Structures are given as C-alpha cells and as structure tokens.
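# Survey of secondary and tertiary structure
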Amino acid sequence: MTKFTDQLWEQALPIYEKIKQHPFNQELKEATLPLEKFKYYIYQDSLYLADFARALAMTGTKAGNSHELLDFLEFAQNAILVERALHLGYFKEYAIEFDSGKGLGCFAYTNYLLATSAFESYEVSVAALLPCFWIYKQVGDYIYANQTTPNPYQNWINAYAGEDFARSVQKALDICDQLAASASEQTRNKMTEAYVKATEMEYLFWEGAYEGAVGF
C-alpha cells in the first residue's frame, strides 16, 4: 500500500527537481558556489531557523499524545541547538555580519509556517513543516553522492546527509503518515496543499539566498 508521504513526494516532485537543479545547489555540489552567496544563505537560514523552531513548538502543542509533543519539542530544540551551532561556526569562520533582516523568500516562508501552525489543524501543520525536513535530506544526500571534493562547504553537506538528521526526518515522515491514515479526505487534501505550498517556499528560499538581498 502506498504511503501518504509517497503521494506527497510525487505531488511535489517537479518542484523538488527544480530545487535540486537550482544554481545554488548545483554550484554547492560542484564546489564553485561563491562564498558571498553561501554567507548570505547562512544568514537567512539562521533567521529562518528561529521561526521554524517556534512553528515546530506550536505544532507540538496540538499533538494528541505526549509522545508526539515531545517529538516536536525535540525537533524545535534541534533546530535551535544543533543546526544553529553549525551556523554559529560559519558566522565566526566567515565573519558574517549581515543586518538586512529577512529576504522576501525567508519572510514568506517563515510567516507561512507560523500562520499554519497557529491557525490550521495539527495534521495540516505537520504536513507544512515536513518539506524542511525531507527536502533538505534529499538535497543533502544528492549533493553528498555527487559532490566535487574537496568541498569548502563539506560541513553543511555532512550535516544534512548525516544519520542524526536522517532519524529526525524519518520520525517526521512516520508522524505524517500516521495522521493521514486516520484523517478525512478533506483533511488529507489540505495536508497535500500545505506540503506542496511549503515545498514551493523551499524553492523561493534558495532563490532568495542565491540572488541576495533585493530592495525596492
């Protein structure tokens, strides 16, 4: 029997292919990504993670059992502590000193996740948060398997292709599948819409990171 998350993946596969082929990820894979673009990406991602952690924690409060509540609180803690530690290392190593605030891609994505976790059901919130786990894992695995070495961004690649992150991703997938199994068709449709929308936001985030700060 096909898992609900397998259906989600197929639904948003064209967007994932665009993400995988995006110049940011292709150049990162080939070790040719300009340092300034990577620095701006790390800055934007640090702003993203703070709100992602809030969305995870808010979603956890809607869980129907304490086990899943603890899972989402752990996800939130990891977003703050584990990934943030990687970013802080880069901030120091590359002397990152941006102060422009969120780019449009980051702003749109974080506000979408925060609004969804605040106003939508637990099931829909979980589906909206899933791409940040799953897409990053898939991109990390793809780059790890095809990268040019030595690669100046090896720490980033290793973090998202690593086993610790893989366990978190699988846990998020399992929760989504369990929720979908007992959800109504209407709820599953809303979960699919949320997953696809968040995947589109993933693309826009990478696009914004690559293009840099855009003013009007």
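Residues numbered from 1 in each chain as written. Predicted model: local features only at pLDDT ≥ 70, side-chain atom pairs only at ≥ 80, totals over all residues. Heavy atoms only, no water.

### Examining the packing of aromatic side chains
What counts, and what does not: In this analysis, rings of Phe, Tyr and Trp, with Trp reduced to its six-membered ring, are considered paired at centre separations within 6.5 Å, and the interplanar angle assigns stacked below 30 degrees, edge-to-face beyond 60, and tilted for intermediate values. Going along the chain from the N terminus, every DSSP run of H or I of four or more residues is numbered as a helix, and every run of E of two or more is numbered as a strand. Between buried and exposed lies partly exposed: a residue is buried under 20% and exposed over 50% of the maximum accessible area for its type, with that area taken using a 1.4 Å probe on protein chains only. Note on criteria: charge over ring means Lys NZ or Arg CZ within 6 Å of the ring centre, with the direction from the centre no more than 35 degrees off the ring normal.
One pass over the full model with this rule turns up 26 aromatic pairs. Summarising the aromatic geometry, the rings of Phe-38 and Tyr-90 are spaced 5.0 Å apart at their centres and angled 80 degrees between planes, so their arrangement reads as edge-to-face. One end of the pair, Phe-38, is in helix α3 (residues 35–60); the other, Tyr-90, is in helix α4 (residues 66–93), with 52 residues separating them in the sequence. Both residues of the pair, Phe-38 and Tyr-90, count as buried. In this arrangement the basic side chain of Lys-18 is found over the ring face of Tyr-203, its NZ or CZ atom lying 4.6 Å from the centre.

### Let's talk about the environment of Trp-206
Defined as follows: What makes two residues a contact is simply this: any of their non-hydrogen atoms within 4.5 Å.
Among the secondary structure elements, Trp-206 is positioned in helix α9 (residues 185–211). Under the relative-accessibility criterion, Trp-206 is labelled buried at 0%. Remark: the alpha-carbon pair of Trp-206 and Phe-52, spanning 154 residues in sequence, is separated by 16 Å. Setting aside anything within four residues of it in sequence, one finds Trp-206 in contact with Ile-19, His-22, Phe-24, Asn-25, Tyr-41, Ile-135, Tyr-136 and Val-139.

Remember that the coordinates give geometry; whether it matters functionally is a separate question.
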